[in-house]
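Understanding the architecture of this molecule
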Amino acid sequence: MRQCLIYNKSLKFSRAIYGILLFIAVLLHSQWLVLVVAILTILGAFSLKLNPFYQLHILLYKKKGAPASKELGELNFVAAATGILLLIGFAFLYYNKFVDFAWIYLLVVDLMIFLACFVGFCVATLMYVFFRKIFLKPGN
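For the structure given in this document, a descriptive report is provided here.

The rules behind each value
Sequence positions are assigned chain by chain, starting from 1 and proceeding in written order. Local features in a predicted model are, by the rule used here, given only for residues with pLDDT of at least 70; side-chain atom pairs are given and counted only at 80 or more, and totals for whole chains, interfaces and linings are based on all residues. Only heavy atoms go into the side-chain values, all of them from the structure, while hydrogens and water stay out. Going along the chain from the N terminus, every DSSP run of H or I of four or more residues is numbered as a helix, and every run of E of two or more is numbered as a strand. Note on method: radius of gyration uses C-alpha positions; expected globular size equals 2.2 Å times residues raised to 0.38. Here the term buried applies to any residue with accessible area under 20% of the maximum for its type, exposed to any over 50%, and partly exposed to those in between, with areas from a 1.4 Å probe on protein chains only. Residue contacts follow a heavy-atom distance rule, with two residues in contact if any of their heavy atoms lie within 4.5 Å. By nonpolar core is meant a set of buried Ala, Val, Leu, Ile, Met, Phe, Trp, Tyr and Cys residues that side-chain atoms within 4.5 Å join together. Fitting a line to C-alpha atoms yields each axis, with helices limited to the stretch in contact; the angle taken between N-to-C directions then spans 0 to 180 degrees. Angles below 35 degrees are treated as roughly parallel, those above 145 as roughly antiparallel, those between 65 and 115 as roughly perpendicular, and all remaining angles as oblique. What makes a crossing left-handed is the near helix being turned counterclockwise from the far one by less than a right angle; a clockwise turn instead makes it right-handed. Three categories are distinguished: nonpolar for Ala, Val, Leu, Ile, Met, Phe, Trp, Tyr, Cys and Pro, charged for Asp, Glu, Lys and Arg, and polar for the others, with Gly belonging to the last. The patches reported here contain residues having more than 30% relative accessible area and no salt bridge. Joining distances are 9 Å for like charges and 5 Å for nonpolar side chains (Val, Leu, Ile, Met, Phe, Trp, Tyr). Throughout, the Shrake-Rupley method with a 1.4 Å probe supplies accessible areas, and for residues the shown protein chains are the sole cover considered. Salt bridge, as used here, is a side-chain nitrogen of Lys or Arg placed within 4 Å of a carboxyl oxygen of Asp or Glu.

Looking at the overall build of the protein
Per the secondary structure count, the protein includes six helices and two strands. Starting at the N terminus and ending at the C terminus, the protein contains elements arranged as β-α-α-α-β-α-α-α. For the protein, the C-alpha radius of gyration of 16 Å lies close to 14 Å, the compact-globule estimate for 140 residues. For the C-alpha atoms alone, the extent of the protein along its principal axes is close to 45 × 40 × 25 Å. Counting the 140 residues in the protein, one finds 37% classified as buried. Taking the intrachain contacts of the protein between residues at least 6 apart in sequence as the baseline, contacts between residues at least 24 apart amount to 78%.

In structure tokens:
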């Protein structure tokens, strides 16, 4: 698979900002802030150059640490999965379906974002590895 160089601290920083923004959205009951976070996260799935908080952290702290090699597909899958989960929560809120459940659901997604950011345990990465083992034949 294609590899890319990534700054882990910048990735953690961007995830932390998304987690904080989502937490603020839940506290304020702002469905539009949920949508903004979802869009920004999905943009990051297309390219890390479209992830504004990752780019800001690199710009401010470029000299600190060397980039690590990571699989590009994994990064894209994690960002897309997070964005889709956020869009599902936004859809529940926008259409006034299960509103209380939607806010709880978004808190759980926020917890998963913080878990990936601070602990390093990412559920979407585990899903990516699982799907890759199922759908890719050995030797590919």
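After presenting the structure, the write-up continues.
Section: the nonpolar core
Formed by 18 residues in total, the largest nonpolar core has its most connected members in Leu22, Val34, Leu86, Leu93, Trp103, Leu106 and Val109. Contributing elements (two or more residues each) for this core: α1 (8-28), α2 (31-46), α4 (72-94) and α5 (99-119). For this core, the leading source of residues is α5, giving six residues. Membership of the second largest hydrophobic core comes to eight residues, among which are Ile6, Leu11, Leu48 and Leu72.

Quick look at the packing of α4 against helix α6 (residues 123-135)
Contact pair α4 / α6: the axes reach a minimum separation of 9 Å and the direction vectors enclose 125 degrees. By the criterion of interaxial angle, the relationship of α4 to α6 is oblique. As for how α4 packs across α6, the hand of that crossing is right-handed. Residue-level inspection shows Gly73, Glu74, Phe77, Val78 and Ala81 of α4 in contact with α6, the latter providing Ala124, Thr125, Met127, Tyr128 and Phe131. Here the residues of the contact of α4 with α6 sort into seven nonpolar, two polar and one charged.

A short note on a nonpolar patch on the surface
On the surface, Phe118, Val119, Phe121, Val123, Leu126, Met127, Phe130, Phe131, Ile134 and Phe135 cluster together to form a nonpolar patch covering roughly 1,000 Å² of accessible area. Top element by residues in the nonpolar patch is α6. It accounts for seven residues. Among the secondary structure elements, Phe121 is positioned in the loop between α5 and α6.

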